[in-house]
Amino acid sequence: MLEAQQEVARARGNTGLNVDIFAEFGLVKSATAVPDLYVNPQDQQRVRVGFNIPIMTWGKNKALVQTATANKDLTETVISQEKLNFEQQVSLQANQFNLVRDQLAIGIKSDEIAQKRYDITKNRYVIGKIGITDLNIALQEKDRAKQDYVAALRSFWLGYYTLRLFTLYDFENKQPIRYAPGN
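Note that this is a predicted model, so its numbers are computed, not measured.

(A) Examining the environment of Arg-10 more closely. Within the secondary structure, Arg-10 is located in helix H1 (residues 2-13). Exposure remark for Arg-10: the relative accessible area of 40% places this residue in the partly exposed category. Among the polar contacts made by the side chain of Arg-10, one reaches the side chain of Glu-7 at a distance of 2.5 Å.

(B) Up close: the side chain of Asp-170. Tracing the sequence through the fold places Asp-170 in strand S3 (residues 169-170). The class of Asp-170 is buried, set by a relative accessible area of 9%. In contact with Asp-170, other than residues within four places in its own chain, are Tyr-160, Arg-164, Gln-175 and Ile-177.

(C) Here's a closer look at the nonpolar core. Of all hydrophobic cores here, the largest spans seven residues; its members are Phe-97, Val-100, Leu-104, Ala-152, Phe-156, Tyr-160 and Leu-163. For this core, the secondary structure elements donating two or more residues are helix H3 (60-126) and helix H4 (132-167). No other element matches H4, which puts four residues into this core. Residue contacts for Phe-97: discarding those within four places in its chain leaves Phe-156, Gly-159, Tyr-160 and Leu-163.

(D) Summary view of the pattern of salt bridges. Summed over the entire model, instances satisfying the criterion amount to six salt bridges. Where Arg-10 meets Glu-7, a salt bridge forms, and the shortest distance between an N and an O atom there is 2.5 Å. On the criterion of helical spacing, the pair formed by Arg-10 and Glu-7 is a turn pair, its members being three residues apart in helix H1. Asp-111 serves as the salt-bridge partner of Lys-146, at 2.9 Å between the closest nitrogen and oxygen. Note that Lys-146 is positioned in helix H4 and Asp-111 in helix H3, a separation of 35 residues in sequence. Taking the relative accessible area as the measure of exposure, Lys-146 reaches 39% and is therefore partly exposed. Judged by relative accessible area, Asp-111 falls into the buried class, the value being 11%.

(E) Fine view of H1. Look at H1: 16 Å from first C-alpha to last across twelve residues, which is about the 16 Å you get at 1.5 Å a residue. Looking at H1, one finds that the buried residues are Ala-4, Val-8 and Ala-11. Here the buried residues of H1 occupy an arc of 65° about the axis, which is enough to place them on one side. In H1, the exposed residues that point more than 90 degrees away from the buried face are Leu-2, Glu-3 and Gly-13.

(F) Inspection of the packing of aromatic side chains at higher detail. For the coordinates displayed, the defined rule picks out nine aromatic pairs. The interplanar angle of 75° and the centroid separation of 6.1 Å between the aromatic rings of Phe-86 and Phe-166 together place this pair among those described as edge-to-face. Placement of Phe-86 in helix H3 and of Phe-166 in helix H4 is noted, with a sequence separation of 80 residues between them. Residue Phe-86 is classed as partly exposed on the basis of its relative accessible area of 39%. Residue classification places Phe-166 among the partly exposed residues on the basis of a relative accessible area of 21%. Between Phe-156 and Trp-157, the ring centres sit 5.0 Å apart and the planes meet at 80°, which makes this aromatic pair edge-to-face. You can call Trp-157 partly exposed: its relative accessible area is 42%. An aromatic cluster of three or more residues is present, and its members are Phe-97, Phe-156, Trp-157, Tyr-160, Tyr-161, Tyr-169 and Phe-171. Lying over the aromatic face of Tyr-118, Lys-142 brings its terminal NZ or CZ to 5.2 Å of the ring centre.

About the cut-offs
Residues numbered from 1 in each chain as written. Predicted model: local features only at pLDDT ≥ 70, side-chain atom pairs only at ≥ 80, totals over all residues. Heavy atoms only, no water. Helix = DSSP H or I, 4+ residues; strand = E, 2+ residues; numbered from the N terminus. Buried < 20%, exposed > 50% of the residue type's maximum accessible area, 1.4 Å probe, protein only. Polar contact = N/O pair within 3.5 Å; in protein donor to acceptor, adjacent residues only side chain to side chain. Contact = heavy atoms within 4.5 Å. Core = buried A, V, L, I, M, F, W, Y, C linked by side-chain atoms within 4.5 Å. Salt bridge = Lys/Arg side-chain N within 4 Å of Asp/Glu carboxyl O. Expected span 1.5 Å × (residues − 1). Arc of directions from axis to C-beta. Phe/Tyr/Trp six-rings, centres within 6.5 Å; stacked < 30°, edge-to-face > 60°. Lys NZ or Arg CZ within 6 Å of the ring centre and 35° of its normal.

These figures capture arrangement, not role.
Next comes the structure, spelled out in structure tokens:
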């Protein structure tokens, strides 16, 4: 945004009368051989002084100011859109984090229930009330519940730190995150 404002100021500052002043000096000599060109070059000397003043710019300066202003307006629009997108992204991340937190609670409960079911099934197998197939099913369900719990736990922490990254806020200490230069 600052660069766009600077370009507008530069374009406005360059409007008005621009005068170019120039001076030229040269030595001329003709010779039949190249080495003779550099010997005593004062045979002919030319000096030219002049200046250029544009009489009419045909709206060039006005067009430059309008272009810089249009670019600044475009930059403002892009920045506004990026802010809106960022706010929506943070809101979406917060909503997803709440869902993942609920999923984690369900995962914990499912893991506990699956472990208890396995323990009961194992005890029933030991006393001979059920077969090995039922024990294997209970074991597989316990393992699946544990994997789901670990996946929910992973999603929880990823969501937590992503939300923390987006907001630059430490939810545990209830304060903004400040990074010192060089850290």
